Amino acid sequence: MATKFLFIYLPYISLGIFILGVLYQFWRWARTPVPLRIVIAPAPQTRRGIALRLIGDALWFPSLFKADKLLWAGGFLFHVFLWLVILRHLRYFLYPVPGWVEAIQTAGLYAGYLIPIPLAFLLARRLIFERALYISILGDFFALFLLLAISLSGILLQVFFRTYIVDVKALILGLIYFQPAISDYHWLFALHFVLIMVLLIYFPFGKLMHSGGLFFSSTRNQRANFEKRFVNPWDFPVAYNVQNLFPPEKYRETLKGMREGKKE
Amino acid sequence: MKVPVPIPAIKIGSAGHQVCHPAKAKDMVKIDLPKERPPDWKEAMLKKMAEVLDKYRSVRLFLDICVKCGACADKCQFFLGTGDPKNMPVARADLLRKVYKRYFTLGGKLWGRANESAELNETVLKDWYVYFYQCSQCRRCSVFCPYGIDTAEITMAAREIMAAAGVATKYVTEVVAKVYDTGNNLGIWAPAWKDNCAFLEEDLKDTEGLDIKFPVDAVGAEVLLIPPSADNFVNTNTMIGYAKMFHAAGISWTTSTYCNEGGNFGLFLNYANLKKINNRIIEAARQLQVKKIYWGE
Amino acid sequence: MDFLEIPYPLHICDLTWDLIKRGALKIDKEANDSLLVTYHDPCNIARAAGYFQPPRNIIRATCNNFIEMHPDTILEKTYCCGGGGGLLADEIMEIRLAGGKPRAEACRATGANYLATICAICKANLPEVMKHHRVNCEVGGVHDLLARALVLK
């Protein structure tokens, strides 16, 4: 029963939470209006320029590079390795395996071996640097420990406790085609699998949503076309009380004060 | 990244004593804000917070996606100057983020403190009042944030929320009230403004022998100049610079006593005041039938 | 706003720089020779509007001695003077002086004796900051420099 829950129900539940959660967050952001133009100069003036800048932001984090080279190196390596590892795992999901997935297997393998290094650095800096420690919250450590646990269990599965690949592929393809086929798995594989499910469940509700959020960020996705009037969707009329301005008695007071030499 | 001053070690609470004076009731009334903090201030602030979250995508998004990487931490001049950790942009935003998490996210409602959320109470409000009025909304941090998180948006939201419950500083509210009274931030009355301009004309004639005008409320001029009011009063050399330039180029210009200030302190309070103050620029331009509007420096 | 020729406000530096470019103003640069000028980008004019070059152009056109501060403290990376955002209140003078410190030190490093800027708040706060941090530098506007250098007779 436990096996059935872990390998059949949990994957569907967590994937459902992941997809619905991410869509919910996107919907929440998308429906909230953008009242003001808050570009940060220098900003591109064309949509094309904005698209290129967002792609750049997502791929190599230029703002972070300007801010902190060491942190950039850690973050950049982590994300590159993460993508390689994810793409490498596609071979369990696709049948037949496409050529390009075959082609990155070696790179993905080494990325998998190396990924704990940037993760450990990102964790260590939160504990060592006093500013980073001050701002770190539970969620930051949770995400880092979770990713570390996933990557270390993955490495152990690769090196010491080789899993029977055919079983894994049968499991995943079975899930995809709604014909679940479970066999006996090593407990370490079960751990690796469940931790990924936990990651999927956690993803929409924590800081990991920064991945999608970047594209909604007004300071990054707005154009610097100041000639065009920016219309606030919830703009409301305001009354400027002209009567309030320069009331005659105040005028007389000031003039009187000036005559008596009180001014300046 | 070269920083002109050494990055200070964290000194908790080292800037906590630098508190702005609270607003006066007479100013608050003038700018359509509650005179004082009502007994149900907490509900008023949470109501305003819900409204702000529904109106500004930036606020909601920036509260959601910060990863606490700390890239902004040593970029704020107020942190560099004081070493108070709550002056790190990320920690400043956290003051608002914790309350947001407590009342507006599932995690905060379910897990409370474990999710780093905080009840809105006197202590939190005091921190808000101190540290959101120690942010100059300069947006330097957002240049370095990988997601462009703009602390100025957070600060503006927090100030708007506080203002809705009658919490604001004396300086800002006084300035906004002065704009409604006199047309500018320094509270220079129309006669005094004209007088200062006449004084500058005489001064130029006496010292340099130049016959240059400083027109006020001249209908039909080509350019309406909206200078900061300090140019008329303190930075008079700058004002002389404009006048000489217009004179040399032969462009007719004027200032307006209805609107002689470009700086808009409504930005530091709330949207309604921001818009009101800006609208008067257009009104002044229409009254004076000018063709172009120029900001002063 | 359709009654205006240009339906949005322009900055006065646009006009001045345009006039200088066209040669409409006669300028004697030597009038500013006693000054070593540096330029402070005000936060929002720089970061929100991307308005970097016109004031610099005017300074270069009116002064012989212009020096930039360290590249990490100008343009979009500029520091606040310490008094913006409604902080220009006397009761929090300590914060204003502390916030102005990076700008004061960056200015000291250049050895400039005139810090030009185009923001009234900066012009109000920076003199206090310079005095407090003992940087011997006058703070003033860009058009002040033009006023000195403009030949009208």
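Treat the numbers as computed from the prediction; the structure is a model and nothing was measured. (Residues numbered from 1 in each chain as written. Chains lettered and ligands numbered in written order. Predicted model: local features only at pLDDT ≥ 70, side-chain atom pairs only at ≥ 80, totals over all residues. Heavy atoms only, no water.)

### Topic: the overall build of chain C
So, step 1. Broken down by element type, chain C carries 7 helices and 4 strands.
So, step 2. Moving toward the C terminus, one meets the helices and strands of chain C in the order β-α-β-α-α-α-α-β-α-β-α.
So, step 3. Dimensions of chain C along its principal axes, counting C-alpha atoms only, are 45 × 45 × 25 Å.
So, step 4. The buried share of chain C, reckoned over its 153 residues, is 61%.
So, step 5. Of the contacts made within chain C by residues no fewer than 6 positions apart, 75% connect residues no fewer than 24 positions apart.
So, step 6. Working note: accessible area of chain C is about 5,600 Å², and carbon and sulfur atoms make up 50% of it.
So, step 7. Counting 17 positive and 18 negative side-chain charges, chain C places the centres of these two groups 4 Å from one another. (Helix = DSSP H or I, 4+ residues; strand = E, 2+ residues; numbered from the N terminus. Buried < 20%, exposed > 50% of the residue type's maximum accessible area, 1.4 Å probe, protein only. Contact = heavy atoms within 4.5 Å. Areas by Shrake-Rupley, 256 points an atom, 1.4 Å probe, with all protein chains shown as cover. Lys, Arg positive; Asp, Glu negative; His and termini not counted. Charge placed at Lys NZ, Arg CZ, Asp CG, Glu CD.)

### Remarks on the pattern of salt bridges
So, step 1. Taken as a whole, this structure holds 33 salt bridges over all chains when the rule is applied.
So, step 2. Between Asp211 of chain B and Lys213 of chain B there is a salt bridge; the shortest N-O distance is 3.9 Å. (Salt bridge = Lys/Arg side-chain N within 4 Å of Asp/Glu carboxyl O.)

### Side note on the interface of chain B and chain A
So, step 1. If you look at the interface, chain B gives 68 residues, while chain A gives 57 residues.
So, step 2. By the criterion of area lost to chain A, the three top residues of chain B are Arg57, Trp189 and Tyr271 of chain B, representing 13% of everything that side buries.
So, step 3. At the boundary of chain B with chain A, the tally comes to 4 salt bridges.
So, step 4. Between Arg28 of chain A and Asp64 of chain B there is a salt bridge, with its nearest N and O atoms 2.4 Å apart.
So, step 5. Between the two partners, chain B and chain A, sit 22 residue pairs in polar contact (both at pLDDT 80 or more). (Buried area = accessible area lost by both parts, 1.4 Å probe. Polar contact = N/O pair within 3.5 Å; in protein donor to acceptor, adjacent residues only side chain to side chain.)

### A look at empty space enclosed by the protein
All names here are of chain B.
So, step 1. Under the defined criterion, the tally for this structure stands at 6 cavities of 30 Å³ or more.
So, step 2. Considering only enclosed or pocket space, the largest cavity measures out at about 160 Å³ in volume.
So, step 3. Taken together, 17 residues form the lining of the largest cavity, with Cys66, Cys72, Val90, Cys145 and Ile149 sitting closest to its centre.
So, step 4. By residue number, the principal contributor to the lining of the largest cavity is helix H5 (residues 89-104), which donates 4 residues.
So, step 5. Partitioning the lining of the largest cavity into residue classes produces 13 nonpolar, 2 polar and 2 charged.
So, step 6. Taken as a whole, the second largest cavity encloses approximately 90 Å³ of empty space.
So, step 7. Lining the second largest cavity are 14 residues, and of these Cys76, Cys135, Cys138, Cys141 and Thr151 sit closest to its centre.
So, step 8. Elements with a minimum of two residues in the lining of the second largest cavity: helix H4 (77-82), H5, helix H8 (140-144) and helix H9 (151-164).
So, step 9. Considering only residue class, the lining of the second largest cavity consists of 7 nonpolar, 4 polar and 3 charged. (1 Å grid on protein atoms, 1.4 Å probe; cavity = no way out; pocket = protein on both sides within 12 Å on 5 of 7 lines; lining within 4 Å. Points joined across faces, edges and corners; volume = space filled by probe spheres on them. Nonpolar A, V, L, I, M, F, W, Y, C, P; charged D, E, K, R; others polar.)

### Topic: the sheet that holds strand S4 (residues 138-140) of chain C
All names here are of chain C.
So, step 1. Pairing is parallel across the open sheet formed by 3 strands, whose spatial order is S2-S3-S4. The open sheet terminates on both sides in strands that have one partner only, identified here as strand S2 (37-40) and S4. Averaged over all pairs of adjacent strands, the angle between strand axes in this sheet comes to 30°, irrespective of strand direction.
So, step 2. For strand S3 (residues 114-117) and S4, the ladder comprises 3 bridges, and the chain directions are parallel. From the neighbouring strand, Tyr114 faces S4, where its bridge partner is Glu138.
So, step 3. The strands touched by helix H6 (residues 120-132) are S2, S3 and S4; relative to S4, the strand with the most contacts, the crossing angle is about 175°. (Pairing = 2+ DSSP bridges. Axes fitted to C-alpha atoms, helices over the stretch in contact; angles between N-to-C directions.)

### Focus on the nonpolar core
So, step 1. Within the largest apolar cluster, 134 residues are counted, with the highest numbers of intra-cluster contacts made by Met45, Leu96, Leu120, Trp128, Met162 and Leu269 of chain B.
So, step 2. Of all the elements, H5 of chain B adds the most residues to this core, at 8 residues.
So, step 3. Taken domain by domain, the makeup of this core includes at least three residues from each of domain 1 (25-168) and domain 2 (183-295) of chain B.
So, step 4. Residues within four places of Trp128 of chain B in sequence aside, it is in contact with Met45, Met49, Leu95, Leu96, Val99, Leu120, Tyr133, Ile161 and Met162 of chain B.
So, step 5. Counting 46 residues, the second-largest nonpolar core is a separate cluster that includes Tyr242 of chain B together with Leu25, Val37 and Val142 of chain C. (Core = buried A, V, L, I, M, F, W, Y, C linked by side-chain atoms within 4.5 Å. Domains from an automatic or database assignment.)

### Observations regarding the packing of aromatic side chains
So, step 1. Tallied over the full model, the rule gives 27 aromatic pairs over all chains.
So, step 2. On the numbers, 4.9 Å between centres and 15° between planes, the contact of Phe246 of chain B with Trp253 of chain B is stacked. Across this residue pair, the class does not change: Phe246 of chain B and Trp253 of chain B are buried.
So, step 3. Site record: aromatic cluster; members linked through ring pairs are Phe7, Tyr185, Phe189 and Phe193 of chain A.
So, step 4. Over the aromatic face of Phe144 of chain B sits the side chain of Lys75 of chain B, whose NZ or CZ is 5.2 Å from the ring centroid.
So, step 5. Across from the ring centre of Tyr103 of chain B, 4.9 Å away, lies the NZ or CZ of Arg102 of chain B, which sits over that ring. (Phe/Tyr/Trp six-rings, centres within 6.5 Å; stacked < 30°, edge-to-face > 60°. Lys NZ or Arg CZ within 6 Å of the ring centre and 35° of its normal.)

### Description of the state of the cysteines
Each disulfide is one covalent bond, formed between the sulfur atoms of two cysteines.
So, step 1. One pass over the structure, following the stated rule, counts 0 disulfides over all chains.
So, step 2. Left without a disulfide partner, Cys76 of chain B is nearest to the cysteine sulfur of Cys138 of chain B, which lies 6.4 Å away.
So, step 3. Since its relative accessible area comes to 11%, Cys76 of chain B is described here as buried.
So, step 4. The cysteine Cys63 of chain C is free of any disulfide, with Cys137 of chain C supplying the nearest cysteine sulfur at 13 Å. (Disulfide = S-S within 2.5 Å.)

### Regarding the interface of chain C and chain B
So, step 1. At the junction of the two partners, chain C supplies 60 residues and chain B supplies 64 residues.
So, step 2. Note on chain C versus chain B: buried area summed over both sides is about 5,200 Å², and carbon and sulfur give 67% of it.
So, step 3. Remark: the boundary between chain C and chain B carries 0 salt bridges.
So, step 4. Listing elements by their share of the side of chain C that touches chain B, those giving two or more residues are strand S1 (10-11), helix H1 (12-22), helix H2 (43-47), helix H4 (93-99), helix H5 (101-110), H6 and helix H7 (142-149) of chain C.

### A word on a nonpolar patch on the surface
All names here are of chain A.
So, step 1. A contiguous nonpolar surface patch, about 750 Å² in accessible area, is contributed by Tyr110, Tyr113, Leu114, Ile117, Leu156, Val159, Phe160 and Phe161.
So, step 2. For the nonpolar patch, the secondary-structure elements that each account for two or more residues are helix H6 (105-114) and helix H9 (138-159).
So, step 3. No other element matches the 3 residues that H6 contributes to the nonpolar patch.
So, step 4. On the secondary structure map, Tyr110 appears in helix H6. (Patch = residues over 30% accessible without salt bridge, like charges linked within 9 Å, V, L, I, M, F, W, Y side chains within 5 Å.)

### Section: the domain arrangement of chain B
Residues and elements named next belong to chain B.
So, step 1. Here chain B is partitioned into domain 1 (25-168) and domain 2 (183-295).
So, step 2. Computed over C-alpha atoms only, the centres of domain 1 and domain 2 are separated by 35 Å.
So, step 3. For the domain 1 and domain 2 pair, buried surface summed over both sides reaches about 730 Å², with 51% attributable to carbon and sulfur atoms.
So, step 4. Taken together, domain 1 and domain 2 are joined by 1 salt bridge.
So, step 5. Our count for the domain 1 to domain 2 interface comes out at 2 residue pairs in polar contact (both at pLDDT 80 or more).
So, step 6. Residue composition of the side of domain 1 that touches domain 2, grouped by class: 7 nonpolar, 1 polar and 3 charged.

### Details of the sheet that holds S1 of chain C
So, step 1. One open sheet accounts for 4 strands, arranged S2(B)-S1(B)-S3(B)-S1(C); its pairing is parallel. The two strands at the open ends of the sheet, each matched to only one other strand, are strand S2 (253-254) of chain B together with S1 of chain C.

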